[in-house]
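Letter by letter, the chains look like this.
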Amino acid sequence: MSIFSDETLDLIKQLNQNEQFDFKGLHCHIGSQIFDKTSFIKEIQALLHYVKRIFDEKGIIVEVLNLGGGFGVQYTVADQALDLEATLPQLLDTVYTEVLNLNLQLPKIIIEPGRSIVANAGITAYTIGATKKTLSGKEYVFVDGSMADHIRTALYQAKYEAALVDRMDETADYHYTLAGRACESGDILIHDCVLPKVEINDILCVFSTGAYHYSMSSHYNRLLKPAVIFVNEEAIRLVNKRETYEDLLTQDRL
Ligand SMILES: Cc1ncc(COP(=O)(O)O)c(C=O)c1O
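Note that residues are indexed from 1 along each chain, following the sequence as it is written. Note on the predicted model: pLDDT of at least 70 is required for a residue's local features to be given, and 80 or more for side-chain atom pairs to be given and counted; whole-chain, interface and lining totals, by contrast, use all residues. The basis for the side-chain values is all heavy atoms of the structure; hydrogens and waters are excluded.

A. Representation of the overall build of the protein in the model. When you go through the protein residue by residue, the secondary structure sums to six helices and 11 strands. Computation of the radius of gyration draws on C-alpha atoms alone. For the globule rule, the value is 2.2 Å times the number of residues to the power 0.38. Relative to its length of 254 residues, the protein is extended, with a C-alpha radius of gyration of 24 Å against a globular reference of 18 Å. The C-alpha extent of the protein, read off along each of the three principal axes, is 70 × 50 × 45 Å. The buried share of the protein, reckoned over its 254 residues, is 36%. Helix and strand assignments follow DSSP, with helices taken as H or I runs no shorter than four residues and strands as E runs no shorter than two, numbered in order from the N terminus. Classification of residues uses two cut-offs on accessible area relative to the type maximum, computed with a 1.4 Å probe and protein chains only: under 20% is buried, over 50% is exposed, and between them is partly exposed.

B. Looking closely at the packing of helix α1 (residues 6-17) against helix α2 (residues 37-58). The angle between two axes is taken between their N-to-C directions and runs from 0 to 180 degrees, where each axis is a line fitted to C-alpha atoms and a helix contributes only its stretch in contact. Orientation of α1 relative to α2, taken along the N-to-C sense of each, is 65°, at an axis distance of 11 Å. The two elements α1 and α2 meet at a crossing, and its hand is right-handed. The residues of α2 that touch α1, namely those facing Asp-6, Thr-8, Leu-9, Asp-10, Ile-12 and Lys-13, are Tyr-50, Arg-53, Ile-54, Glu-57 and Lys-58. In the contact of α1 with α2, the residues fall into four nonpolar, one polar and six charged. Each crossing gets its handedness from the near helix: less than a right angle anticlockwise from the far helix is left-handed, clockwise is right-handed. Note on definitions: a residue-residue contact is assigned when non-hydrogen atoms from the two residues lie within 4.5 Å. Throughout this entry, Asp, Glu, Lys and Arg are counted as charged residues, while Ala, Val, Leu, Ile, Met, Phe, Trp, Tyr, Cys and Pro are counted as nonpolar. The remaining residues, Gly among them, count as polar.

C. Representation of the nonpolar core in the model. Residues Ile-12, Leu-26, Leu-48, Val-51, Ile-54, Val-62 and Leu-65 are the most contacted members of the largest nonpolar core, which totals 23 residues. Contributing elements (two or more residues each) for this core: α1, α2 and α3 (84-102). Tallying contributions element by element places α2 first for this core, with seven residues. Aside from chain neighbours lying at most four places away, what touches Ile-12 is Phe-23, Leu-26, Tyr-50, Ile-54 and Ile-60. Here, nonpolar core means buried Ala, Val, Leu, Ile, Met, Phe, Trp, Tyr and Cys residues that are tied together by side-chain atoms lying within 4.5 Å of each other. Formed by 21 residues, the second largest nonpolar core is a distinct cluster that contains Val-73, Tyr-126, Cys-193 and Val-198.

D. How the structure looks around the site of the ligand. Neighbouring residues of the ligand: His-27, His-29, Ser-32, Gly-69, Gly-70, Phe-71, Glu-112, Gly-114, Arg-115 and Tyr-212. For the purposes of these results, a polar contact is taken to be a pair of N or O atoms within 3.5 Å, where, inside protein, one atom must be able to donate a hydrogen and its partner to accept one; residues adjacent in sequence count only when each atom of the pair is a side-chain atom. One nitrogen or oxygen atom from the main chain of Gly-70 is found 2.8 Å from an oxygen atom belonging to the ligand. Here the ligand has 390 Å² of accessible area as a free molecule, and 72% of this is covered by the chains. For the shell around the ligand, the residue count by class is two nonpolar, six polar and two charged. In this text, near means that some heavy atom of the residue lies within 4 Å of the molecule or strand in question. Note that accessible areas follow from Shrake-Rupley with a 1.4 Å probe, and for residues the cover is restricted to the protein chains shown.

E. Fine view of the environment of Pro-107. Among the secondary structure elements, Pro-107 is positioned in the loop between α3 and β3 (108-110). Taking C-alpha positions, Pro-107 is 43 Å from Ala-162, a pair spaced 55 residues apart along the chain. Apart from the residues within four sequence positions on either side, Pro-107 is in contact with Leu-48, Val-62, Glu-63, Val-64, Leu-65 and Val-99.

F. Examining the packing of α2 against α3 more closely. Two elements in contact, α2 and α3, have axes whose closest approach is 10 Å; the angle formed by their N-to-C orientations is 30°. One way to sum up the angle between α2 and α3 is to call them roughly parallel. Viewed along their axes, α2 and α3 form a crossing whose handedness is right-handed. When α2 is examined against α3, the residues Lys-37, Phe-40, Ile-41, Ile-44, Gln-45, Leu-48, His-49 and Lys-52 are found in contact with a partner set consisting of Thr-87, Gln-90, Leu-91, Thr-94, Val-95, Glu-98, Val-99 and Leu-102. Each angle is binned into one of four classes, with values under 35 degrees roughly parallel, values over 145 roughly antiparallel, values of 65 to 115 roughly perpendicular, and all other values oblique.

G. Quick peek at the domain arrangement of the protein. An automatic or database domain assignment provides the domain bounds reported here. Here the protein is described as being made up of domain 1 (6-117) and domain 2 (122-248). Put simply, the middle of domain 1 and the middle of domain 2, counted by C-alpha atoms, are 36 Å apart. Each partner contributes residues to the interface: domain 1 has five residues there, and domain 2 has seven residues. Between domain 1 and domain 2, roughly 640 Å² of surface is buried when both sides are summed, and carbon and sulfur atoms account for 51% of that area. Two parts lose some accessible area (1.4 Å probe) when they are put together, and adding that loss for both gives the buried area. When the buried surface of domain 1 facing domain 2 is broken down by residue, Tyr-75, Thr-76 and Arg-115 rank first, second and third, together holding 82% of it. The tally of links between domain 1 and domain 2 comes to two residue pairs in polar contact (both at pLDDT 80 or more). When its residues are assigned to classes, the side of domain 1 that touches domain 2 shows two nonpolar, two polar and one charged.

H. Fine view of the pattern of salt bridges. Any Lys or Arg side-chain nitrogen located within 4 Å of an Asp or Glu carboxyl oxygen qualifies as a salt bridge. Tallying each qualifying case throughout the model produces 10 salt bridges. Shared partners join several salt bridges into a network, and the residues in it are Asp-6, Arg-53 and Glu-57.

I. Highlighting unusual backbone geometry. A positive phi angle, close to 80°, is found at Asn-201, a residue other than glycine. Of note, Asn-201 is situated in the loop between β8 (188-195) and β9 (203-207).

Shown next as structure tokens:
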């Protein structure tokens, strides 16, 4: 619902009066991969001005303000992740200042920090199965995964970086197109993947795949989903087992 629509104010009034509902407050999500804290500051100011309007025009107190997520994380060296330890207190300061300025009751503040919790915790490991040089000189590296487990590049040109697990110390000066095995022209994981010269059977890892990867994975072209393993200093735990063809066929009635 838009805060610029009169219908929204009317709906809030109806919700507040309806016995079936317990109107608590407002929720807003302004987008994803936001690197500039001023966007969140403006969000808070806009929301609190709206909270004031709800009180002035309808006499309703907003108890909860959910600011959503969108805190930018680092996928490539070009990304400057939002520093949450520094930014979140500043956002709360903005809340306090605006609440005082507008003479409001302090609402409970909620955030939905989606990918910023998990994106950098994930790494996807692939085995290199083949390489190919095209007539134009473009060098492809094909791995045993695909857009079925890594859709964000195909979906909205997201950028990633990768490395060869056993050759991290070698100079990376080859520019490859990292492609999958889904048999689609759009099945690209990284358009400009800078690595040392690759060999068949090298293990390649793509970084920052902890968010929106397994949760967005599919059986595109009936490909099987990979295993998910949690690792820390003390333990290695299988969290999702690697799928088998039997798993894939469980819903089929032959
Ligand atoms: C309503 C809402 N809250 C939070 C998030 C989390 O966003 P992000 O993972 O970019 O922080 C999303 C993602 O689309 C969302 O739709």
